[in-house]
Amino acid sequence: MKNKILFPGSSDKKTAKLIAKKSNIEFGKVEIKTFACNEKYINLIGDIKDKIVYIYQTATQNPNDNIIELMLISNAAKLAGAKKIIAIIPNLPYSRQDHLSSKKHQEPISAKLIADLISSSGINKVITVHVHSSRILDFYKIETVNIETVDLFAKVLKEIIVKSKSSLSKYVIVSPDKGGIEQAKRLSISLGGLDFAYFEKVRALPNDRINISKMIRFFGDVKGKEAIIFDDMIDTCGTVINAKDNLMRMGAKKVILCATHPILSGSAIKNLRNANFSHIVTTNSTPLRKNYKWIKIISLADSIAEKI
Ligand code: R5P
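Rules used throughout
Think of each chain on its own: its residues are numbered from 1, step by step along the sequence as written. Local features are withheld for residues below a pLDDT of 70 in this predicted model, meaning they are given only at 70 or higher, and side-chain atom pairs are given and counted only at 80 or more; totals for whole chains, interfaces and linings count all residues. Excluding hydrogens and water, the side-chain values take into account all heavy atoms of the structure. For our purposes a nonpolar core is just a set of buried Ala, Val, Leu, Ile, Met, Phe, Trp, Tyr and Cys residues, chained together by side-chain atoms within 4.5 Å. Type-normalised accessible area, obtained with a 1.4 Å probe on protein chains alone, sets the label of each residue: buried when under 20%, exposed when over 50%, and partly exposed for intermediate values. Helix numbers and strand numbers start at the N terminus; a helix is a DSSP run of H or I with at least 4 residues, a strand a run of E with at least 2. Should any heavy atoms of two residues lie within 4.5 Å, those residues are considered in contact. In the analysis that follows, any N or O atom pair within 3.5 Å is treated as a polar contact, provided that within protein one partner can donate a hydrogen and the other can accept it, and provided that, for residues neighboring in sequence, both atoms belong to side chains. Seen with the strands pointing away from the viewer, any crossover whose path from the first strand over the helix to the second strand runs clockwise is right-handed. Every axis corresponds to a line fitted to the C-alpha atoms, with the helix fit spanning only the stretch in contact, and the corresponding angles, defined between N-to-C directions, vary from 0 to 180 degrees. In these notes the angle categories are as follows: under 35 degrees is roughly parallel, over 145 is roughly antiparallel, 65 to 115 is roughly perpendicular, and the rest is oblique. A crossing counts as left-handed when the near helix is turned anticlockwise from the far one by less than a right angle, and as right-handed when that turn is clockwise. Amino acid classes used here: Ala, Val, Leu, Ile, Met, Phe, Trp, Tyr, Cys and Pro are nonpolar; Asp, Glu, Lys and Arg are charged; the rest, including Gly, are polar. By salt bridge we mean one thing: a side-chain nitrogen of Lys or Arg within 4 Å of a carboxyl oxygen of Asp or Glu. For Phe, Tyr and Trp, rings pair up if their centres lie within 6.5 Å, where Trp contributes its six-membered ring, and each pair is then called stacked (planes under 30 degrees apart), edge-to-face (over 60) or tilted (otherwise). Criterion for a charge above a ring: Lys NZ or Arg CZ within 6 Å of the ring centre, and within 35 degrees of the ring normal. DSSP-based pairing: two strands are paired if at least 2 bridges between them are found.

Considerations on the nonpolar core
F7, L44, V53, L70, I118, I123 and Y140 are the most contacted members of the largest nonpolar core, which has 30 residues in total. Elements with a contribution of two residues or more to this core: β1 (4-8), β4 (40-45), β5 (52-56), α2 (63-79), β6 (84-89), α3 (110-120) and α4 (135-138). With five residues, α2 is the single largest residue contributor to this core. Not counting residues up to four positions away in its chain, the partners in contact with L44 are F7, K29, V30, I73, A76 and A77. Counting 28 residues, the second-largest nonpolar core is a separate cluster that includes V174, M215, C237 and A243.

Let's talk about helix α6 (residues 181-190)
Among the residues making up α6, those that are buried are I181, Q183, A184, L187 and S188. The secondary structure elements touched by the buried residues of α6 are α5 (150-163), β9 (171-175), β10 (195-203) and β12 (226-234). Positive phi shows up at G192, right after α6, with a value of about 95°.

Let's talk about the side chain of S175
Relative to the helices and strands, S175 is located in strand β9. Residue S175 is classed as buried on the basis of its relative accessible area, which comes to 0%. Within the structure, the side chain of S175 is placed 3.4 Å from the backbone nitrogen of I181, a separation counted as a polar contact. Setting aside residues no more than four positions away along its own chain, S175 makes contact with G180, I181, A184, A197, Y198, F199 and F230.

Side note on the pairing of strand β14 (residues 279-283)
By the criterion of burial, β14 is predominantly enclosed, with four of the five residues buried. Once you follow strand β13 (residues 254-262) into helix α8 (residues 268-274) and on to β14, the crossover reads as right-handed.

Structural notes on the packing of α5 against α6
Where α5 meets α6, the axes come as close as 9 Å, and the angle between the chain directions of the two elements is 50°. As judged from the angle between their axes, α5 and α6 are oblique. Our pair here, α5 against α6, has a crossing hand that is right-handed. Here V150, D151, F153, A154, L157 and K158 of α5 lie close against α6, whose contacting residues are Q183, R186, L187 and S190. Looking at the contact of α5 with α6, its residues break down into five nonpolar, two polar and three charged.

Concerning the pattern of salt bridges
Counting across every chain of the model gives 15 salt bridges. Ionic pairing is found between R96 and D235, a salt bridge with its closest N-O pair at 3.0 Å. Here D235 lies in the loop between β12 and α7 (238-249) and R96 lies in the loop between β6 and α3, a separation of 139 residues in the sequence. Judged by its relative accessible area of 10%, D235 falls in the buried class. The salt bridge involving K112 is made with D116; its shortest N-O contact spans 3.2 Å. Here K112 pairs with D116, and both are found in helix α3, just four residues apart, close to one helical turn. Among the residues examined, D116 registers a relative accessible area of 27% and is labelled partly exposed.

Some details on the packing of aromatic side chains
Ring pairs (aromatic) are described by centroid distance and by the angle formed between their planes. Overall, the coordinates contain five aromatic pairs when judged by the stated rule. For the pair Y198 and F219, a centre-to-centre distance of 4.8 Å together with 20° between the ring planes defines the contact as stacked. Taken together, the residues Y198 in strand β10 and F219 in strand β11 (residues 213-219) connect sequence positions 21 residues apart. Accessibility expressed as a relative area gives 33% for F219, which makes it partly exposed. Between F199 and F218, the aromatic rings sit 4.7 Å apart at their centres with planes inclined by 50°, giving tilted as the arrangement. Placement of the pair is F199 in strand β10 and F218 in strand β11, with a sequence separation of 19 residues. Pairwise contacts between aromatic rings join F196, Y198 and F219 into one cluster. A cation over an aromatic ring shows up here: K244 above the ring of F277, its NZ or CZ 5.8 Å from the ring centre.

As for the sheet that holds β12
What holds strands together in a sheet is hydrogen bonding between their backbones, with the strands either parallel or antiparallel. In space, the seven strands of this open sheet follow the order β11-β10-β9-β12-β13-β14-β15, with mixed pairing throughout. Unpaired on one side and paired on the other, β11 and β15 (296-298) mark the two borders of the sheet. Between one strand and the next, the sheet's axes are offset by a mean angle of 25°, whatever the strand orientation. Here β9 runs beside β10; their pairing, made up of four bridges, is parallel. Its bridge partner being in β10, V172 is matched across the sheet by D195. Along the sheet, α6 makes contact with β9, β10 and β12, crossing β9 at roughly 165°.

Next up, the structure:
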């Protein structure tokens, strides 16, 4: 398609290229350099005037650079006369602070600020994947598309279950926190109405390592069952490993992990390997440093290309 061009940020050029190929649109080049103080220099190479410009940039372990690059690329495209700018951000950064905090804390609504910054950088539409909470989409004054991953995970889970010669009725879907209940329930429905359970989790504040969390309550029954944890993101993996340990203590036979965004910071990979999940399924919304045979990756390329 001659009137469209896709530019990749530095987060995942390989997937960006694949999506451009699948959508049959031109793949542009972005010159990205870094000043000594770490500021970014951006230059777009390719014909932009009057074209629909797509920018592919996802959040990785470096979300600050990812978001700044995205906005600079968008600004450059706007100044070069793009007709419309569409950002493909599979893993939307800064999603976890998405509402007004309790009176005890004085926190930002980071997800809203990011939405405002994205719109003000010239982006007209955002395509994202498995957004952390549906309220985040309401922060955008521009068009948004949220690609759900429930059916993609359900397909892989059915294959796993058939292969293990087990029956669906032996499984229970578990959300590791209240925020994930809606998506976990959808997964249970997509698998024919499986049992459903969830944890209530708190972050162990005050602590400078905000990822540390604690399970305080569990609703459901996993005794003698195989549990499937479904979460939007795995960062340190503390949440899902904590949930798994609790499920095993409560009598679950095995635990499968499904999570859409594999951020996998710090020693997450090592911790995940040692946690002995029976299967780990994730997507390529965030690129992994290398291929791990024990992690099943669902490609989002077709689902994203369909929206282009
Ligand atoms: C929490 O609100 C999210 O849905 C994830 O459960 C959490 O952010 C994952 O972080 P970590 O892997 O570091 O526990």
